[in-house]
Amino acid sequence: ILDRFDCPSCNFLGQGQLTSRSFTALTLQYIVLQRNQALREEVRTINQQLVDTDVAIIPDGNARTIMKFSFNAASISPMLLQQPIEPLKLLVPANYPQSSPVLLENGDSGEDDLSVKAKSRLHRCLRSLLHPVTLEDIARSWDVCARQVITEYALQNGGGSFSSQYGTWETV
């Protein structure tokens, strides 16, 4: 038994006495809390930078960290979202950022589905990035891939964006 442990939150264990098992459990809890705080901060930073993609940590009852990347197309006409892109889900490994997050598959429908096309582009894009890949890398890549798929869909259906209709700005 450890007689003294300087931790204000440890008083519930009985006069500050900890077994080595309790100490290990508290240490692991502290590490998980610190990791989750770092992830929340990274998510907040990503969400401040991107307009069309929302990143969120979703609860998982198995003590895993699952991230959801939703393409909300805030900068695109709501008319284009009649066939929305399904959110991308990732499993964040315990040793992130030393290891890349893992894409979770959620049973996509068919080849013509915009979600399948966006995920296919994302896979190609992520292969070209240096590993390990960060959540920010994935969020930015997802944002670009989903936007490209939505823009192509709009063009095929008689619509598009200002840039696709009139071209992009050029510096003279």
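Residues numbered from 1 in each chain as written. Predicted model: local features only at pLDDT ≥ 70, side-chain atom pairs only at ≥ 80, totals over all residues. Heavy atoms only, no water.

With an unreviewed UniProt entry as reference, the protein chain is termed ARC105/Med15 mediator subunit C-terminal domain-containing protein, source organism Linum tenue.

1. Side note on the overall build of the protein chain
Within the protein chain, the regular secondary structure consists of four helices and four strands. When the helices and strands of the protein chain are read in sequence order from the N terminus, they spell out α-β-β-β-β-α-α-α. The buried share among the 172 residues of the protein chain stands at 28%. Sequence-distant contacts in the protein chain: of pairs separated by 6 or more residues, those separated by 24 or more amount to 48%. If you sum the accessible surface of the protein chain, you get close to 11300 Å²; carbon and sulfur atoms cover 55% of it. (Helix = DSSP H or I, 4+ residues; strand = E, 2+ residues; numbered from the N terminus. Buried < 20%, exposed > 50% of the residue type's maximum accessible area, 1.4 Å probe, protein only. Contact = heavy atoms within 4.5 Å. Areas by Shrake-Rupley, 256 points an atom, 1.4 Å probe, with all protein chains shown as cover.)

2. Digging into the pattern of salt bridges
A side chain of one charge can pair with a side chain of the opposite charge when the charged atoms of the two come close. In total, this model carries five salt bridges according to the counting rule given. Residue Arg-44 is joined to Glu-41 by a salt bridge in which the shortest nitrogen-to-oxygen separation is 2.5 Å. Taken together, the residues span about one helical turn, with Arg-44 and Glu-41 both in helix 1 (residues 20-49) at a distance of three residues. Taking the relative accessible area as the measure of exposure, Arg-44 reaches 40% and is therefore partly exposed. (Salt bridge = Lys/Arg side-chain N within 4 Å of Asp/Glu carboxyl O.)

3. Quick word on the state of the cysteines
On inspection of all chains with the given rule, the structure shows zero disulfides. The thiol sulfur of Cys-125 is not disulfide-bonded, and the nearest other cysteine sulfur, from Cys-145, lies at 4.7 Å. For Cys-145, a relative accessible area of 3% corresponds to the buried category. (Disulfide = S-S within 2.5 Å.)

4. Details of the sheet that holds strand 3 (residues 88-92)
Spatially, four strands are ordered 1-2-3-4 in an open sheet, and the strand pairing comes out antiparallel. Each edge of the open sheet carries a strand with a single partner, namely strand 1 (53-58) and strand 4 (102-104). For this sheet the average axis-to-axis angle between neighbouring strands, irrespective of direction, equals 30 degrees. The pairing of strand 1 with strand 2 (residues 65-71) spans six bridges and is antiparallel. Bridge pairing links Ala-56 to Lys-68 in strand 2. Where helix 3 (residues 135-156) meets the sheet, it contacts strand 1, strand 2 and strand 3, and its direction lies at approximately 30 degrees from that of strand 2. (Pairing = 2+ DSSP bridges. Axes fitted to C-alpha atoms, helices over the stretch in contact; angles between N-to-C directions.)

5. Thoughts on helix 2 (residues 114-127)
Note on helix geometry: an α-helix contains 3.6 residues per turn, so any two residues three or four positions apart are oriented the same way. For helix 2, spanning 14 residues, the distance from its first C-alpha to its last is 20 Å, which sits close to the expected 20 Å at 1.5 Å a residue. Among all positions in helix 2, only Leu-114, Ser-115, Ala-118, Lys-119, Arg-121, Leu-122 and Leu-126 are buried. Axial view of helix 2: buried residues confined to an arc of 160 degrees, hence all on one face. Lining the buried residues of helix 2 we find strand 3, strand 4 and helix 3. (Expected span 1.5 Å × (residues − 1). Arc of directions from axis to C-beta.)

6. A look at the confidence of the model for the protein chain
Summarising the model, the protein chain shows a mean pLDDT of 77, and 65% of its residues fall at 70 or more. Of the regions scoring below 50 in pLDDT, residues 1-15 engages in 20 contacts with residues more than four places distant in sequence or in other chains. (pLDDT = per-residue confidence, 0-100.)

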